[in-house]
Amino acid sequence: MIKPSTTQVRSAVAVLVLAASTVVGLAVHEGYRDEAYIPVPGDVPTIGFGTTGGVKMGDRTTPVRSLVRLLDEVEGVYAAGVKRCVTVPLYQHEYEAFVRLAYSVGVPTFCRKARPGKSPNLIDLINAERYAEACARIEAFKYGPGRKVLPGLVKRRAEERAICEGKKPGQQHATHPGN
């Protein structure tokens, strides 16, 4: 794990706020479409900057409406969901990465605890303060519909892991746990 700077501390998740870079990063990754579409076979209708809730094929939007909706959803649904299920303090960069992941996979998937006797899920690792393992686990969320590995998700998860670890996207990851 990265050594924090003297000014960097983990904070109670309730007091963390989204940086503008999180919303911008999501918008860039999602891209913009003004008409509802199916991103990959087996997926759900999507519009704007990756919005899926209540979207039907044939729906249309504008860039301004899509940005407002993205901001509302990220704050009101995904950041709020992360805050509900994370019970330990986080660094701001960890929080940002987890909100980005929750936006992509959904709050129920992000918050899903492991069944008794099974290996820990992401939220179990986070709440056990196994931060390095939790950041590394982000890369496991690389599957699209039909459990098919999607190259775009592999790239996105590597970037989210880098953010979680306090690195700039594209920096190399440690090859052993605990860094």
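Participant: Break down empty space enclosed by the protein for me, with residues and values.
Facilitator: Applying the stated rule across the entire model yields 1 cavity of 30 Å³ or more. Volume-wise, the largest cavity comes out at about 30 Å³. Lining the largest cavity are Gly-25, Leu-26, His-29, Arg-100, Arg-156 and Glu-160. Secondary-structure elements contributing two or more residues to the lining of the largest cavity are α1 (20–30) and α7 (151–164). With 3 residues, α1 is the single largest residue contributor to the lining of the largest cavity. For the lining of the largest cavity, the class distribution of residues is 1 nonpolar, 2 polar and 3 charged.

Participant: I'd love a proper account of the packing of helix α3 (residues 92–105) against α7, names of residues and values included.
Facilitator: Where α3 meets α7, the closest approach of the two axes is 7 Å, and the angle between their N-to-C directions is 155 degrees. Judged by the angle between their axes, α3 and α7 are roughly antiparallel. Mapping the contact onto sequence places His-93, Glu-94, Glu-96, Ala-97, Phe-98, Arg-100, Leu-101, Tyr-103, Ser-104 and Val-105 in α3 and Leu-153, Arg-156, Arg-157, Glu-160, Ile-163 and Cys-164 in α7. Residue classes in the contact of α3 with α7 are distributed as 8 nonpolar, 2 polar and 6 charged.

Participant: So what about the state of the cysteines? Which residues, and what values?
Facilitator: All told, the structure shown has 2 disulfides when counted by the stated rule. Here Cys-85 pairs with Cys-111 through a disulfide, and the sulfurs are 2.1 Å apart. Across the S-S bond linking Cys-85 and Cys-111, the dihedral sits near -65 degrees, which makes this disulfide left-handed. With Cys-85 in helix α2 (residues 63–85) and Cys-111 in helix α4 (residues 107–111), this residue pair connects regions lying 26 residues apart in the sequence. Judged by relative accessible area, which is 18%, Cys-111 ranks as buried. Disulfide pairing places Cys-135 opposite Cys-164 at an S-S distance of 2.1 Å. Disulfide Cys-135 to Cys-164: torsion about the S-S bond roughly -65 degrees, handedness left-handed. Of this pair, Cys-135 sits in helix α6 (residues 131–137) while Cys-164 sits in helix α7, and the two are 29 residues apart along the sequence. Cys-164 matches Cys-135 in its accessibility class, with the two residues each being buried. If one numbers only the bonded cysteines of the protein chain, in the order they occur, the disulfide pattern is 1-2, 3-4.

Definitions and limits used
- Residues numbered from 1 in each chain as written.
- Predicted model: local features only at pLDDT ≥ 70, side-chain atom pairs only at ≥ 80, totals over all residues.
- Heavy atoms only, no water.
- 1 Å grid on protein atoms, 1.4 Å probe; cavity = no way out; pocket = protein on both sides within 12 Å on 5 of 7 lines; lining within 4 Å.
- Points joined across faces, edges and corners; volume = space filled by probe spheres on them.
- Helix = DSSP H or I, 4+ residues; strand = E, 2+ residues; numbered from the N terminus.
- Nonpolar A, V, L, I, M, F, W, Y, C, P; charged D, E, K, R; others polar.
- Axes fitted to C-alpha atoms, helices over the stretch in contact; angles between N-to-C directions.
- Parallel < 35°, antiparallel > 145°, perpendicular 65-115°, else oblique.
- Contact = heavy atoms within 4.5 Å.
- Disulfide = S-S within 2.5 Å.
- Buried < 20%, exposed > 50% of the residue type's maximum accessible area, 1.4 Å probe, protein only.

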